[in-house]
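# Coordinates in review
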Amino acid sequence: MSYKELKREVFEANMELQRRNLVIYTFGNVSQIDRDKGVVAIKPSGVAYEDMKPEDIVVVDLENTVVEGSMRPSSDTKTHTHLYRAFDSIGGVTHTHSTYATAWAQARQSIPCLGTTHADYVHGDITCTRDLTDDQVNGDYEEETGVQITDAYAERDPNAAPMVIVAGHAPFTWGKDAAQSVYHAALLEEIARMAYLTRTLDPHAAVLKQAVMDKHYLRKHGKNAYYGQS
Ligand SMILES: O=C(CO)[C@@H](O)[C@@H](O)COP(=O)(O)O
């Protein structure tokens, strides 16, 4: 894929964030990797969606050095590239501050699987990471945000749960490409809203039975698709 095609795909995925009302102003960002070229195309920092053009998308290498583009890459770039280096099967990453998913992140609560809508897309909880340690806060903050996520996935297959909420921050999602990572961000926000409303109606609403969770996830993703047996 040429840089121009890659930038166009990433541009369209970023515009879908706004179309799905997952961001306001300059919030959020989407990227996609070309693993053959070893580059990542990502939204420019501080640019409003309505002002953005495909040629504004910035291309960086996996060490976060700009290889093409006149604008500054998103301030979350190091988190995106950390995930691409750690999860070698993913092709796209999305970050938003969508309201309900961010509320669960600020409450430091993983989103429990309360129904089959959730179970169709994520087997088990949608994990909330641990908080950053003081050293991590004072370190390379964006890189350490990536570490928070990969630490939470040390025992978990990123393909079986392509969405996470970062404690005190907001969600990151991923997928086979930028478009699928945005799709997962939209699903996460809807699941987070359903879970919040469910627990508002009934604070003791039960987690779905494991057998039902398994059936729904298997139905959607095929045999042995959970617990990392992809
Ligand atoms: O979404 C939020 C809002 O804090 C940030 O992560 C986001 O705005 C990052 O800014 P840029 O991508 O650098 O424009």
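Residues numbered from 1 in each chain as written. Predicted model: local features only at pLDDT ≥ 70, side-chain atom pairs only at ≥ 80, totals over all residues. Heavy atoms only, no water.

### Things to note about the overall build of the protein
From N to C terminus, the protein includes 8 helices and 7 strands. Against the 2.2 N^0.38 benchmark of 17 Å for 230 residues, the protein shows a C-alpha radius of gyration of 17 Å, consistent with a compact globule. Expressed as lengths along the three principal axes of its C-alpha atoms, the size of the protein is roughly 50 × 35 × 35 Å. Pairs at least 24 residues apart make up 63% of the contacts formed inside the protein by residues separated by at least 6 positions. Counting every atom, the protein has about 10,900 Å² of accessible surface; 49% of that belongs to carbon and sulfur. (Helix = DSSP H or I, 4+ residues; strand = E, 2+ residues; numbered from the N terminus. Rg over C-alpha atoms; globule rule 2.2 N^0.38 Å. Contact = heavy atoms within 4.5 Å. Areas by Shrake-Rupley, 256 points an atom, 1.4 Å probe, with all protein chains shown as cover.)

### So, a nonpolar patch on the surface
A cluster of nonpolar side chains, Ile-24, Tyr-25 and Phe-27, forms an exposed patch at the surface whose accessible area comes to about 350 Å². On the secondary structure map, Ile-24 appears in the loop between helix 1 (3–19) and strand 1 (29–34). According to the relative accessible area criterion, Ile-24 is partly exposed, its value standing at 48%. (Patch = residues over 30% accessible without salt bridge, like charges linked within 9 Å, V, L, I, M, F, W, Y side chains within 5 Å. Salt bridge = Lys/Arg side-chain N within 4 Å of Asp/Glu carboxyl O. Buried < 20%, exposed > 50% of the residue type's maximum accessible area, 1.4 Å probe, protein only.)

### A few points about the layout of surface pockets
In this model, the second largest pocket occupies a volume close to 160 Å³. Looking at the second largest pocket, the residues that line it are Glu-9, Glu-12, Ala-13, Glu-16, Arg-19, Arg-20, Gln-32, Ala-178, Ala-179, Val-182, Tyr-183 and Ala-186. For the lining of the second largest pocket, the secondary structure elements donating two or more residues are helix 1 and helix 7 (178–201). Class assignment of the residues belonging to the lining of the second largest pocket gives a composition of 6 nonpolar, 1 polar and 5 charged. (1 Å grid on protein atoms, 1.4 Å probe; cavity = no way out; pocket = protein on both sides within 12 Å on 5 of 7 lines; lining within 4 Å. Points joined across faces, edges and corners; volume = space filled by probe spheres on them. Nonpolar A, V, L, I, M, F, W, Y, C, P; charged D, E, K, R; others polar.)

### With respect to the packing of helix 2 (residues 77–86) against helix 6 (residues 141–152)
In a pair of packed helices, the angle between the axes and the distance between the axes together describe the arrangement. Between helix 2 and helix 6, whose axes approach to 7 Å, the crossing angle comes to 40°. Considered as vectors, helix 2 and helix 6 are oriented oblique to each other. For the pair helix 2 and helix 6, the crossing hand works out as right-handed. Only Glu-142, Glu-143, Thr-145, Gly-146, Val-147, Ile-149 and Thr-150 of helix 6 make contact with helix 2, whose side of the interface consists of Lys-78, Thr-79, His-82, Leu-83, Arg-85 and Ala-86. Its residues assigned to classes, the contact of helix 2 with helix 6 shows 4 nonpolar, 5 polar and 4 charged. (Axes fitted to C-alpha atoms, helices over the stretch in contact; angles between N-to-C directions. Parallel < 35°, antiparallel > 145°, perpendicular 65-115°, else oblique. Left-handed = near helix turned anticlockwise from the far one by under 90°.)

### As for the nonpolar core
Counting residues in hydrophobic clusters, the biggest one holds 33 residues, and the most contacted among them are Leu-83, Ile-111, Ile-149, Ile-165 and Trp-174. Elements that contribute at least two residues to this core include exactly strand 3 (58–61), helix 2, helix 3 (99–106), strand 6 (163–165), strand 7 (171–175) and helix 7. With 5 residues, the single largest contributor to this core is helix 7. Once you skip the residues sitting within four places of it in the chain, Leu-83 turns out to touch Ile-90, Val-93, Gly-146, Ile-149, Thr-150, Phe-172 and Trp-174. (Core = buried A, V, L, I, M, F, W, Y, C linked by side-chain atoms within 4.5 Å.)

### Some remarks on the pairing of strand 5 (residues 92–95)
Judged by which residues are buried, strand 5 turns out to be covered on both faces: Gly-92 and Thr-94 on one side and Val-93 and His-95 on the other are all buried. Pairing analysis gives 4 bridges linking strand 1 to strand 5, with the strands arranged antiparallel. What sits directly across from Val-30, in strand 5, is Thr-94. Sheet topology places strand 5 next to strand 7; 4 bridges connect them, and they run antiparallel. Following the sheet pairing, His-95 is matched in strand 7 by Phe-172. (Pairing = 2+ DSSP bridges.)

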